[in-house]
Structures are given as structure tokens and as C-alpha cells.
Amino acid sequence: MANLDAIAEFEDKVAHLYESEYGDFKRKLGLYMSRLEQDLGASLDRSMKAKLLELKFEIVYSPETTNIESARSRALEVVRSLKS
């Protein structure tokens, strides 16, 4: 899958991810992020990997973040930055 296609698929899934519980949201977001990393594969350079790992720690692994909309915005912002 081409990089832009993988990123577009991630953006679509996250934009339409509506969960009422933050825990459910972040579990699905974590799954989508893992799939994105897998789809991007060898085309991920070191800085891209670092951005995705930082995002995982910020949203998926952190017990402090609880706002779904701010987490969604942040995830989309970081992944969109991978295009450039």
C-alpha cells in the first residue's frame, strides 16, 4: 500500500471513530496506529518512527489524557505531518 493511501485510510478511520469511552477510543486508535506502521513498513524513517512512538505514549499509553476530541486532533495532526 502506498504511503499516502495508508495515511488516508488512517485519517478516515480516526475521523469516524466514535466511542463514548476513552479507553475504547484509545484501544482502537492504538490498533489503527499499529496497522499504519505495518502498512508504511520500510518507508518509515527514524524521525517518523519517533513521532509515532511519541504519539502512542502521549495518547494510547498515558493514563492522563481523557479527552477524545483533543486526542483525535493530535493523532490526525501528527500523522498528517508524515506526508511531508
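Note that the structure is predicted; figures quoted are calculated from it, not measured. Here the residue index of a chain counts from 1 through its sequence in written order. Given that the model is predicted, a residue must reach a pLDDT of at least 70 before its local features are reported, and side-chain atom pairs must reach 80 or more before they are shown or counted; all residues, however, enter totals for whole chains, interfaces and linings. Hydrogens and waters are ignored; side-chain quantities use all the structure's heavy atoms.

Looking at the overall build of the protein chain
A count of helical and extended segments in the protein chain gives 4 helices and 0 strands. For the protein chain, the α and β elements follow one another from N to C terminus as α-α-α-α. Each principal axis of the C-alpha atoms in the protein chain carries an extent, and together these give about 35 × 20 × 20 Å. For each residue, the accessible area found with a 1.4 Å probe, counting protein chains only, is set against the maximum for its type, and the residue is called buried under 20%, exposed over 50%, and partly exposed in between. In the protein chain, which comprises 84 residues, the share counted as buried stands at 37%. For this analysis, residues touch if any pair of their heavy atoms sits within 4.5 Å. The long-range share in the protein chain, meaning contacts at least 24 apart out of those at least 6 apart in sequence, stands at 60%. All accessibility values rest on the Shrake-Rupley procedure with a 1.4 Å probe; residue burial counts only the protein chains present in the view. Carbon and sulfur atoms make up 50% of the accessible area of the protein chain, which amounts to about 5,100 Å² in all. By the criteria applied, helices consist of DSSP H or I runs no shorter than four residues and strands consist of E runs no shorter than two, each listed in order from the N terminus.

Some thoughts on the packing of aromatic side chains
Between the rings of Phe, Tyr and Trp (Trp by its six-membered ring), a pair exists once the centres lie within 6.5 Å; its type follows the angle of the planes, with under 30 degrees stacked, over 60 edge-to-face, and the other angles tilted. On inspection of all chains with the given rule, the structure shows 2 aromatic pairs. Seen in terms of ring centroids, Phe-57 and Tyr-61 are 5.2 Å apart; in terms of plane orientation they differ by 65°. Their pairing is edge-to-face. Judged by relative accessible area, which is 48%, Tyr-61 ranks as partly exposed.

Observations concerning the confidence of the model for the protein chain
The quantity called pLDDT is the predictor's confidence in a given residue, expressed from 0 to 100. On average, the protein chain scores 90 in pLDDT, and the residues at 70 or more come to 96%. Helix H2 (residues 22-40) holds the highest mean pLDDT among the elements of the protein chain, 94, whereas helix H3 (residues 46-60) holds the lowest, 91.

A closer look at the nonpolar core
Note on terminology: a nonpolar core comprises buried Ala, Val, Leu, Ile, Met, Phe, Trp, Tyr and Cys residues joined through side-chain atoms within 4.5 Å. With 25 residues, the main nonpolar core has Phe-10, Phe-25, Leu-29, Met-33, Leu-36, Leu-52 and Ile-59 as its most contacted residues. Counting only elements with at least two residues in this core, the list comes to helix H1 (3-15), H2, H3 and helix H4 (68-81). With 7 residues, the top contributor of residues to this core is H2. Other than its neighbours up to four places away in sequence, Ile-59 contacts Tyr-22, Lys-26, Leu-29, Ala-71, Arg-74 and Ala-75.

What to know about the environment of Lys-13
Summarising the element assignment, Lys-13 is placed in helix H1. Counting along the chain gives 47 residues from Lys-13 to Val-60, while the straight-line C-alpha distance between them is 16 Å. Not counting the four nearest positions on each side in its chain, Lys-13 is found in contact with Tyr-32 and Arg-35.

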